[in-house]
Amino acid sequence: MRKVLLLALWGLSLCVYSQNKGDAKMNQFIDNLMQQMTFEEKVGQLNLAASPALMTGTTFTENINEKLTKSQLGAFLNVISPEEQKKAQEIVTTQTRMKIPLLFGLDVIHGYKTIFPIPLALACTWDPALIEKTARRAIVEATSTGINWVYSPMVDISRDPRWGRVAEGAGEDPYLGGLVAKAMIRGIQGDDLSADNTAMACVKHFALYGASEAGKDYNTVDMSRVQMFNYYMEPYKAAVEAGTGSLMTSFNLVEGIPATGNKWLLTDVLRKQWGFDGFIVTDFTSLNEMIDHGMGDLETVTGLALNAGVDMDMAGEAFLTKLAGLVKKGVVKQADIDAACRRVLEAKYKLGLFEDPFRYLKRVGEPLVTPESRALAREAARQSTVLLKNANQTLPLQKKGKIALVGPLMDSQYDMMGTWALTADKKYSITLKEGIKNAVGDNATVLYAKGANIVDDEFIFDKSNFYGFPFVSKDPKSPEELLKEAVEVAKQSDVVVVALGEGNSQSGESASRTNIDLFENQKTLLKELVKTGKPVVLVLFNGRPLTLTWEDENCAAIVEAWAPGSEAGNAVADILFGDYNPSGKITMTFPRSVGQIPIYYNYLNTGRPYVKDGPHKFKANYIDEVNEPLYPFGYGLSYTTFEYGDVKLNSNKMNENGSVEASVTVSNTGNKDGNEIVQLYIRDEVASISRPVKELKGFEKIFLKAGETKTVKFTITADQLKFYNNNIDYVCEPGMFEVMIGKNSQDVKSSKFELVK
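Residues numbered from 1 in each chain as written. Predicted model: local features only at pLDDT ≥ 70, side-chain atom pairs only at ≥ 80, totals over all residues. Heavy atoms only, no water.

A. Molecular detail of empty space enclosed by the protein. Scanning the entire structure with this criterion turns up eight cavities of 30 Å³ or more. Roughly 130 Å³ of volume is contained in the largest cavity. In terms of lining residues, the largest cavity is bounded by 18 residues, among which Pro119, Pro153, Met154, Glu168 and Val180 are the most central. Residue assignment for the lining of the largest cavity shows that the elements contributing at least two residues are α6 (119-123) and α8 (174-189). Ranked by the residues each element gives to the lining of the largest cavity, the list is headed by α8, at four residues. When its residues are assigned to classes, the lining of the largest cavity shows 13 nonpolar, three polar and two charged. (1 Å grid on protein atoms, 1.4 Å probe; cavity = no way out; pocket = protein on both sides within 12 Å on 5 of 7 lines; lining within 4 Å. Points joined across faces, edges and corners; volume = space filled by probe spheres on them. Helix = DSSP H or I, 4+ residues; strand = E, 2+ residues; numbered from the N terminus. Nonpolar A, V, L, I, M, F, W, Y, C, P; charged D, E, K, R; others polar.)

Here it is, written out as C-alpha cells:
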C-alpha cells in the first residue's frame, strides 16, 4: 500500500509541476510529501554536504554514500563532476524511501569556464545590463554541468580595501550595490527557475560582513542600526526584492550575536520586514563556529541557529546530529523544523527537480567556452578597465617601434582569472604578453623580461600558498638577475609596459592585508624602470584598491585592469593601443595611505570639517598626509575629455508627491569618441540626524562622438531623498537639498531645491 501511495505521490508531482499554476499547487504537493516524511528525513533535507572535490572551507563531509542512502543529505556543494552528481541523484531517487532529489551548489562568482572580470571590476562598468549578461552566461555554462544552485552574488558593502573580499563585491556604495545585486540575480535566475539553464541564486553574506574590523576576514562587526540601514543593508534588500531564492548567513557578529544565530536579523528583518520567503543557509561551518564566538556548545548553538531562522546547515552537520535531542528537550519546536524543511523542498520544486531530478544533467557536453562567450568576456574586461593616469597623452601607444613588456604578471595565465575562479581552465586565459602580440603583429618589436617575482618576502610568500597548491611561485633566477634583465630590456625600448599587482591568492577570501602597497620587490622593479628615463606605463592586475601615491607621481600612465578574466590580455591590449577608449570608473575609493582607511566618499561631516587650502589646526585633518583620497569614488579617465555645463533644475521646490528634473549638458571636447558615466549625487543639508556630504542617487552612461554635446536629465523624487532616521523609520524630511552632477564624486557642479510639506 505504501509503495502504491509513493508512486501516486510521484505521479502527482509530475502533474502538479507541469501545470505550473502557482503556489497553491506547490503547497498541495509539499503538504502531501511532508505528511509522508519521518522526522529524520526532514532533518536530512536541512543538511548540506561538502564534497572534497574542491576545498572552499576547512573540512568536507565523510561517509557520503551512507548518508545518501539514509536520506541524511538534502544538498551538495562543490560536486563539479556531472558523473558524480548523477550517481548521487540516482542513489536518492532509487534507494531512499521518499526519493527526494538533491540540490547541487557551487560558488559561481564571475564565470564558470569563461571567466569574466572579478565583481569589483564589473561594477566599474556601471552597466547593470552588461553585468546581467555575464551572470547569465556563467549560469548557462554551470547548469550544463549539473549545477542548479549558486552562491552568488556577494553584495557586501565595504569601505576597507584591506579586506580581501572586496574583490567579490561591487564596492562601497549601497545604491550602485543594489543595482548590481538585482542585475546578478536576473542573470542567474532568469524568468523561469524551472528552465534547465537557470539556477537559484544565494545572496551572501547576510549581514554586514564587509564591515569587518581592521579589514580582517571573519572579524568582529559593530555598528549602530542607523549606519547599518543607511549604508549596508540596501543591496541585501534589493536582492530580496529581485526575488533571490536563497540567502547565506555571514560569519561575523551583528550586535554581539553571530549572524547565523541572530533571530532579529534573520527573522524580524529578513522575513517579517522584508518578506523574504526563500530559504536560509549558513556559510561554511558558521553554525559550529558560534562556539568560538562564545555562544555555547554545539547543541546550544544548533538550537540558536534553527530558532533564529536558519534552514540549512553547510558542512557542519550540527542539524543532523543535534536537532532530535533539542526537540526532545523542548528547545526546538517540530513546527520550526517542518518550516525549514518546507522551504528547502519549495526550492527544489521551483527548480523543477521533482518533475525531473536529472534535468540539469541533460545538457552535459554542450560547448562551455564559445566565440560568443569570449567576445562577452573581452567586452566586459574592456569596460571594467579604469584609466587612472595618462600624463602627456602617453596612451594610447602606437603599434610601432620597440616596446618593453616587463613584470611578473605579464605572462601569468592563472593570475588573470582572479579569486574564486574555481572551475577555470588556464588554457582559456589570454595573458598580456599574448594580447600585445595579437595587437601589434609584425608592426612593432616587443621585448620581454619578467623583472621580478610576484613577491619575494618569505612570510607573504608562504601565506599566499596553501592546501599544497603553489598559487605563487619563484623564478629559479635570483631577484638581482631578474631585475638586471628588465632594466636592459627597458633601455632598448621606446616605452615600458610593466604588469604588476597581486597574484590570484592574494585577494579574495582570507587574503586580508595590512599594507596595500605594491609588494616591495615589485616596487623596486618599478623604481629602476622609471630611472631609465623611458615612459613607464603601469598595468595593474589586482583585486582591491592599492596605495599608489609614488606610482601616481612617477609613472607616465596607470591602467587599473583588476583581474580581467579569460580575455585579459586582448582586452588590456585594446586599451593600451587605443582600439578601445577606456570608460571604467572606480567604485571604491583609492587611499593615499593605509592610515586613511576606512575611506569613502559618503562620509558624515564633523563639527570641524576639513577645508581644502584652509587652516588646518583644530580641523578634522591629518598633519602627515593630504586629506583627500588619491582617486575618489567614481573616478576614471578617458582618451578624450568631457566638459560639464551648469546643473539646471526645472523647479526650486517640490513636495513629497512631486518631482524635480535636474539636467546638465555634457560635451566631448576631445578628438576621440568615448563613453562617459554621468553621476548624480544629492545632499540633505538639514535633517533629524547627520546626513552624508553626498550620496549617489543616479547615473547614466552616455556615448558622445568627438565634438558632440548631449543634455542628460535626472528625475528626482521623494524616494531618492529618504533615509532611515533614529527610530529606523524610512522617511524624507522637508528642507534644502543640494543636487550635484559630475564625472566623479569630487568633480561636480551643483544646484539646490527645497522639499516642502
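Continuing now.
B. Structural view of the state of the cysteines. Following the criterion strictly, the structure yields zero disulfides and no others. Cys555 supplies the cysteine sulfur nearest to Cys124, a cysteine that is in no disulfide, at a spacing of 20 Å. Of all cysteine sulfurs, the one in Cys341 lies closest to Cys202, which takes part in no disulfide; the gap is 18 Å. Residue Cys202 is classed as buried on the basis of its relative accessible area, which comes to 0%. (Disulfide = S-S within 2.5 Å. Buried < 20%, exposed > 50% of the residue type's maximum accessible area, 1.4 Å probe, protein only.)

C. Region of interest: a nonpolar patch on the surface. A contiguous nonpolar patch, built from Met55, Phe60, Phe466 and Tyr467 and spanning about 400 Å² of accessible area, is present on the exposed surface. By the secondary structure assignment, Tyr467 is in the loop between α17 (458-464) and α18 (479-491). The exposed category is assigned to Tyr467, whose relative accessible area is 54%. (Patch = residues over 30% accessible without salt bridge, like charges linked within 9 Å, V, L, I, M, F, W, Y side chains within 5 Å. Areas by Shrake-Rupley, 256 points an atom, 1.4 Å probe, with all protein chains shown as cover. Salt bridge = Lys/Arg side-chain N within 4 Å of Asp/Glu carboxyl O.)

D. Broad picture of the nonpolar core. Core analysis: the largest hydrophobic core is formed by 116 residues, its most contacted members being Trp149 and Phe206. Two domains each donate at least three residues to this core, and these are domain 1 (47-361) and domain 3 (642-755). Ranked by size, the runner-up nonpolar core spans 44 residues in total, among them Ala486, Leu529, Val536 and Leu540. (Core = buried A, V, L, I, M, F, W, Y, C linked by side-chain atoms within 4.5 Å. Domains from an automatic or database assignment.)

E. Broad picture of the domain arrangement of the protein. Split by domain assignment, the protein resolves into domain 1 (47-361), domain 2 (386-583) and domain 3 (642-755). Using only C-alpha atoms to locate each centre, domain 2 and domain 3 end up separated by 37 Å. Both sides together, the interface formed by domain 2 and domain 3 hides about 340 Å², and carbon and sulfur atoms give 43% of it. Considering only the side of domain 2, the residues that lose the most area to domain 3 are Pro396, Asn581 and Ser583, jointly responsible for 88% of the buried surface there. Taken together, domain 2 and domain 3 are joined by one residue pair in polar contact (both at pLDDT 80 or more). Of the residues that constitute the side of domain 2 that touches domain 3, the class distribution is two nonpolar, two polar and no charged. (Buried area = accessible area lost by both parts, 1.4 Å probe. Polar contact = N/O pair within 3.5 Å; in protein donor to acceptor, adjacent residues only side chain to side chain.)

F. Representation of the layout of surface pockets. A volume near 1,400 Å³ is recorded for the largest pocket. Among the elements of the structure, α17 and α19 (520-531) are those that each provide at least two residues to the lining of the largest pocket. In terms of residues, the lining of the largest pocket owes the most to one element, α17, which gives four residues. Taken together, the residues of the lining of the largest pocket break down into 21 nonpolar, 17 polar and seven charged. Two domains each donate at least three residues to the lining of the largest pocket, and these are domain 1 (47-361) and domain 2 (386-583). Roughly 1,100 Å³ of internal volume is contained in the second largest pocket. Lining the second largest pocket we find 41 residues, and of these Tyr600, Tyr601, Tyr603, Asn605 and Val693 sit closest to its centre. For the lining of the second largest pocket, the elements supplying multiple residues, two or more each, are α9 (225-232), β26 (735-742) and β27 (748-756).

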